[in-house]
Amino acid sequence: MPKILEGIGCPYCGCSCDDIKVVVSDDGKKILEVENACAIGTEIFLQATSSDRITRPRLRQSDGSWKEISYPEAFDYAAKAIVAAKKPLIYGFGSTTCEAQREAARLMELGCGILDNCASICHGPSLIAHFDNGYPSCTLGEVKNRADVILYWGANPIHAHPRHMSRYAIYPLGFFKGNGFFERTVIVVDPRNTDTAGIADYYLQVKPGHDYELFNAFRMVIYGFEKELPEMVAGIPKQTILEVAGILKQAKFGVFFFGMGLTHTDGRNHNIDIAISLTRDLNQISKWSIMAMRGHFNVAGANRVWCWSYGFPYCLDLTKGNCAHMNPGETSTIDLANRDEIDLFINIGTDAAAHFPIDTVRHLKKHTWITIDPNMSMAAEIADLHIPVGISGVEVPGIVYRMDNVPIQYRKVVDMPEGMLSDEEVLSGIANKVEEILAQEKIGFSITNSHKKIIPAGP
Ligand code: SF4
């Protein structure tokens, strides 16, 4: 009899939907049906048990071909590469569990390297703005039950977070919003006339790169300076700005969702900074919250785990062991790679080869590249060592932080192919091996990152 599993978490986007129903074959090996997930989520589950998986580590040979090796051999190769490297870097983590993120931190402490996650190229500017200006946010449950005005700025959830509107923000029937969609006003600000803009009550087609000006215009209206407002700001007529500002002020519970259209246009963290200021201003009049539309299902987890470990969410320089330092621009992956400072790159739970600028990939490829990933991604195909792992959220259980920073326990749906390991087990195996090498060679720590030169660690 096929088994029906309910309350399963989807390992794809930042919505981290945990209401998925999965039908598994009676031998527990194949996923037969998926309910409640969007088209992307459904494919993630159905593809997971496909037969063309790589199930053992592969090491690149001098002629470019792959040779299958065992997990212990892969740990040995990776550990030796980490100990030999002056500045190793591990990057990714959007699609890993918090348990793996914690193990990666232990590994980079031992290896005295750089610990970075996908926020470095997505919501990093948002995190910098949070440092500067706070983060008056809420949970997606509060959005569903209370929100009457939803503002999407630089985000296109119809494509990037397909169930965001139906599960949390616009369509669901909430405790205080029994008529769902009919009780909510939707505003979209975006230079592109997206599908999300198509369902909005108000669509403001802001001039690309002029978001900051539009925020300022809304703040002027809120502070009573509407007479001083020019006839047109950032491509939006004064009359529209006044009308939309009126809706923002009258909201009983407004929520402001922003995406990478805001973090990666001119202004970057300053855009988020002023968005937070606008949210704070609106809270003098009504009730407003702000939330980043996080991309991967557990990129927020990496930020949380490393914040409670070191005080910093991304771009962590651990070259002095467990004494962390963060300075985007100096300690961020792309910048370090472009300055050729990285001599070992480990890609995990993302596809840096597909997402990084090609010149950055070329710099990283001058040195050893290790990919830890269940899939045959571009990052896996160009690696010197590819270590396949179980799929988090499908074959591997673990903690995941949703985009509103609510932790969710993801469960396992099917077993990993026999003999495979999870990313946490792989990172732990490499870290144990690094410890062994350091102990054998009596390599000690020093505060100058010179432990790679042999320093006596004491008697
Ligand atoms: S919206 Fe995102 S988390 Fe939810 S089912 Fe779709 S891909 Fe999965």
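How each quantity is defined
Residues numbered from 1 in each chain as written. Predicted model: local features only at pLDDT ≥ 70, side-chain atom pairs only at ≥ 80, totals over all residues. Heavy atoms only, no water. 1 Å grid on protein atoms, 1.4 Å probe; cavity = no way out; pocket = protein on both sides within 12 Å on 5 of 7 lines; lining within 4 Å. Points joined across faces, edges and corners; volume = space filled by probe spheres on them. Nonpolar A, V, L, I, M, F, W, Y, C, P; charged D, E, K, R; others polar. Domains from an automatic or database assignment. Buried < 20%, exposed > 50% of the residue type's maximum accessible area, 1.4 Å probe, protein only. Helix = DSSP H or I, 4+ residues; strand = E, 2+ residues; numbered from the N terminus. Contact = heavy atoms within 4.5 Å. Pairing = 2+ DSSP bridges. Right-handed = clockwise from strand over helix to strand, strands pointing away. Near = heavy atom within 4 Å. Core = buried A, V, L, I, M, F, W, Y, C linked by side-chain atoms within 4.5 Å. Salt bridge = Lys/Arg side-chain N within 4 Å of Asp/Glu carboxyl O.

Caption draft 1: Broad picture of empty space enclosed by the protein. Using the criterion set out here, one finds 1 cavity of 30 Å³ or more in the structure. Taken as a whole, the largest cavity spans an internal volume of roughly 70 Å³. Around the largest cavity sit C10, C13, C15, S16, C17, C38, H161, P162 and R163, which together line it. In the lining of the largest cavity, the residues fall into 6 nonpolar, 2 polar and 1 charged. Counting residues domain by domain, the lining of the largest cavity receives three or more from each of domain 1 (3-48) and domain 3 (124-292).

Caption draft 2: Inspection of helix α4 (residues 124-133) at higher detail. Among the 10 residues that make up α4, 7 are buried, leaving the element largely enclosed by the rest of the structure. By the burial criterion, the buried members of α4 are G124, P125, S126, L127, A129, H130 and N133. On the buried face of α4, the contacting elements are β13 (254-258), α11 (260-263), α12 (269-282) and α13 (299-310). G134, located one to two residues past α4, shows a positive phi value of around 80°.

Caption draft 3: Molecular detail of the pairing of strand β6 (residues 88-92). For β6, the buried fraction is high: 5 of the 5 residues fall into the buried class. Bridge analysis of β6 against strand β17 (residues 344-348) gives 5 bridges, and the strand direction is parallel. Opposite Y91, over in β17, you have N347 as the bridge partner. In this fold, β6 hands off to helix α3 (residues 98-111), which returns the chain to strand β7 (residues 114-117); that crossover is right-handed.

Caption draft 4: Spatial organisation of the site of the ligand. Around the ligand, the surrounding shell consists of C10, Y12, C13, S16, C17, A37, C38, G41, P162 and R163. The class makeup of the residues in the shell around the ligand is 7 nonpolar, 2 polar and 1 charged.

Caption draft 5: Quick peek at the nonpolar core. In terms of nonpolar packing, the biggest core is built from 45 residues, with I90, L115, I372, I387, I430 and V434 touching the most fellow members. Breaking this core down by element, the ones donating at least two residues are α2 (71-84), α3, α13, β17, β18 (368-372), β19 (385-387) and α18 (423-440). By residue number, the principal contributor to this core is α2, which donates 8 residues. Contacts of L115, omitting those with residues within four sequence positions, involve I90, A104, A105, M108, W306, Y310, Y314, C315, L316 and L318.

Caption draft 6: Molecular detail of the pattern of salt bridges. Considering all chains together, one arrives at 21 salt bridges under this definition. With a shortest N-O distance of 3.3 Å, D19 and R167 are connected by a salt bridge. Highlighted residues: D19 in the loop between β1 (3-8) and β2 (20-24) and R167 in helix α7 (residues 164-169), separated in sequence by 148 residues. For D19, a relative accessible area of 23% corresponds to the partly exposed category. Between K412 and D415 there is a salt bridge, with its nearest N and O atoms 2.8 Å apart.

By themselves, these are just geometric observations and shouldn't be taken as functional.
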